[in-house]
Amino acid sequence: MSGGQLPRWVDLGLIPFLNLSAAFLVSGLVVILIGENPLDAVKVLLWGSLGYAEGFGFTLFYATNFIFTGLAVAVAFHAGLFNIGGEGQAYVGGLGVAFACLALDQYVPWYVTLPFAILGSAAMGAAWAFIPAWLQAKRGSHVVITTIMFNYISFSFMVYLLGNVLKKPGSMQNETRTFEDGGRLPFLNDVFPSFGFGYAPVNLSLFVALAACVAVWFLIWRTKLGYEIRSFGANATAAVYAGISPVRIIVVTMLISGGLAGMMAINEIMGSQHRLLIDFVTGYGFVGIAVALMGRAHPVGIILAAVLFGMLYQGGAELSFEMPNITRDMIIVIQGLVILFAGALEHMFRPAIVRFFTPSQALAAKEA
Amino acid sequence: MFETIILMMDATIRVSTPLLLACLAGLYSERSGVVDIGLEGKMLGAAFGAGAVAYITANAWLGLLAGISVSVLLSLLHGFASISNRGNQIVSGVAINFLAAGLTALLGQTWFRQGGRTPSLPDGGRFTEIVWPFAEQVRNIPFIGPFYAEVLSGHKILVYVAFLAVPLTWWILFRTRFGLRLRAVGENPAAVDTAGISVVWMRYRAVIACGILCGVAGSYLSIAVGSGFGVNMTAGQGFMALAALIFAKWKPVSAMFTCLLFGFLDAAGTRLQGVEIWLIGEVPLQVFQALPYVLTVVLLAGFIGKAIPPKAAGIPYLKERS
């Protein structure tokens, strides 16, 4: 059952489609289990996420987060690394954005602040990924375990910082002061009023995310470093024989991955909340795993998967409003099922499909 | 001062128990070569199952049985994905955590309509404290009396189960044929296969053992310490158990001491909130919360010995290429 036996469209199209269908089918069963009609639910979900401009704006806003965290997981995948720490890296990335905005917002317009915010968030996210990367490269301790540990360390770290250091004086809330205009990205509704995005917080960081997709594509498939990352991911032993330094690839890949996760904070902090606050990541980092799996670690796939998860988030919010039985926890269930079927069980349908696409004589000849 | 120490020890044991159970659960699974980051999800699922059934039946033992069943079912799902389908074990664990977090809250809301919680347990739905003989009579004996009455006596039965599971696990893993094979399957599955033992069946038994212990851990939270299930009530304890497992270098007795240490840090953090310590000043609660993870990372960095996982951990076993 090695690769290459199946036509390309089956490998890249049919199998992911079957996996996703299975995930959504089981989701439908869960909806039936809680006593609602899944078809009605899908209708509400589609209308809520795509049916009107403001809803679509929310979909795009969530999708922006998922593009960043999805790319982060995907880049690490290419080097055979599993960065499960997007959650913590994005959280700490928020510090970089907040430092840039707090320092500059009263003096310069947003387009001057933005590059600093991008650099800051990427630097902080990368810094948070550095120790796990270094431990994996030098000490062989698994990056999955260390990034989980760093997620929890980041939660404590950020609560402490926001509660004791960065808190605005005299406030009970654990958050920084609200940024002035120089620390706020324009909403797309203000840039393109004719689209009618209304109150949707989708903002210019959507374009930063799309630019990041192009950059990742270029990096992975068009540069020497990208080639080394892919070689290392495909066969680490062979890559080392070819003169690729494993320490360098692991550390550099994880820094890029952490940086991308950290950049998620631009959308959330500079684009929407306009202040750094506790728990602003709320699972977007983990969803990045589902997005990367579903998007098969390719930027185009990630954009599609991110929009789909954006639809689930926005449509799910609408759904919990229209059908109160289906709470937002349903989205978490769907994510779990997508990760299960598109990730852990990705080869489940493969043997049957291989049998279907192998002409029976060839099979008989092989067996003989 | 002495009274404080006794109270701290008591609290440490209570907090360590679910960690210890989950840590031993992970021990079985990972020793057999199946990495399990789904401990958290299994505990959460078990806590929900136990809370729901204990509420309906008003019977703590049936609750425990339900908790274990849910956890074992999730274990079998993990096994199906990672043993039978040779999927990525990390991805499967992540999926189980998501599924448990979502399904418990969703079904909890559908069935009980209290925002995902299960209702407060009726009499009989909770495990009660077991008071050891003469606990009250010896309480006044200095030092030993309070220790006996507060620290040893007066815990729920699951606490004793957890601590008895430590020598039992050691014995099973290191003194029985089953244990030898289980460890072998985690180090060199091909050799075990050559000896005519089914790698798949060994690993399935290991994940089932893992499910049972995780089930007890989760049930402890909802029907022994707590009185009913609360949304996301495990709050990362499954991951802390995972950290403890690494810190303990996959050994049962070390696992117990590690869980006691982590439990002590938790108890100390709660106790020392707002207290000035001599020369140090007030230590923020977050330091205690982060310390178990920081210690584990320091260990992984090789500053406190070296943690070497079972050799075949995380690698699906392929019998033959077709």
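- You'll find chain A entered in an unreviewed UniProt entry as D-allose transporter subunit, with Roseibium album given as the organism.
- Under the UniProt heading Subcellular location (unreviewed entry), the note attached to chain A is "Cell membrane".

### Some thoughts on the overall build of chain A
Right, on to step 1. Counting its secondary structure elements, chain A contains 16 helices and zero strands.
Right, on to step 2. Against the compact-globule benchmark of 21 Å for 368 residues, chain A has a radius of gyration of 22 Å, which places it among compact chains.
Right, on to step 3. Principal axes of the C-alpha set define a box for chain A whose edges measure 80 × 55 × 35 Å.
Right, on to step 4. In chain A, which comprises 368 residues, the share counted as buried stands at 52%.
Right, on to step 5. Within chain A, counting contacts between residues at least 6 apart in sequence, those at least 24 apart form 77% of the total.

### Examining the domain arrangement of chain A
All names here are of chain A.
Right, on to step 1. As assigned here, chain A comprises domain 1 (1-36 + 328-368) and domain 2 (59-324).
Right, on to step 2. Computed from C-alpha coordinates alone, the two centres of domain 1 and domain 2 are separated by 29 Å.
Right, on to step 3. Here the side of domain 1 that touches domain 2 gets eight residues from one element, more than from any other, and that element is helix α14 (residues 329-344).
Right, on to step 4. Here the residues of the side of domain 1 that touches domain 2 are counted per class, giving seven nonpolar, two polar and two charged.

### Regarding the interface of chain B and chain A
Right, on to step 1. On the side of chain A, 36 residues touch chain B, which itself brings 37 residues to the contact.
Right, on to step 2. When contributions to the side of chain B that touches chain A are tallied by element, the ones reaching two or more residues are α3 (60-84), α4 (89-112), α11 (237-247) and α13 (285-300) of chain B.
Right, on to step 3. It is α4 of chain B that provides the largest number of residues to the side of chain B that touches chain A, a total of 14 residues.
Right, on to step 4. Across the side of chain B that touches chain A, the residue classes tally to 22 nonpolar, 14 polar and one charged.

### Let's talk about the packing of helix α6 (residues 143-165) of chain A against α13 of chain B
Packed helices, taken two at a time, are described by the angle between their axes plus the distance between the axes.
Right, on to step 1. It is at 9 Å that the axes of α6 of chain A and α13 of chain B come closest, and there the two elements cross at 150 degrees. Overall, the two elements α6 of chain A and α13 of chain B adopt an arrangement that is roughly antiparallel. The two elements α6 of chain A and α13 of chain B meet at a crossing, and its hand is left-handed. Each of T146, M149, Y152, I153, S156, F157, V159 and Y160 of chain A in α6 of chain A lies in contact with α13 of chain B, whose residues at this interface are Q286, Q289, A290, Y293, V294, T296, V297 and L300 of chain B.
Right, on to step 2. Tallied by class, residues from the contact of α6 of chain A with α13 of chain B come to eleven nonpolar, five polar and no charged.

What counts, and at which threshold
- Residues numbered from 1 in each chain as written.
- Chains lettered and ligands numbered in written order.
- Predicted model: local features only at pLDDT ≥ 70, side-chain atom pairs only at ≥ 80, totals over all residues.
- UniProt positions renumbered as here; feature names shortened; annotations may be inferred.
- Helix = DSSP H or I, 4+ residues; strand = E, 2+ residues; numbered from the N terminus.
- Rg over C-alpha atoms; globule rule 2.2 N^0.38 Å.
- Buried ≥ 20, exposed ≤ 12 C-beta atoms within 10 Å, placed from the backbone.
- Contact = placed C-beta atoms within 7 Å.
- Domains from an automatic or database assignment.
- Nonpolar A, V, L, I, M, F, W, Y, C, P; charged D, E, K, R; others polar.
- Axes fitted to C-alpha atoms, helices over the stretch in contact; angles between N-to-C directions.
- Parallel < 35°, antiparallel > 145°, perpendicular 65-115°, else oblique.
- Left-handed = near helix turned anticlockwise from the far one by under 90°.

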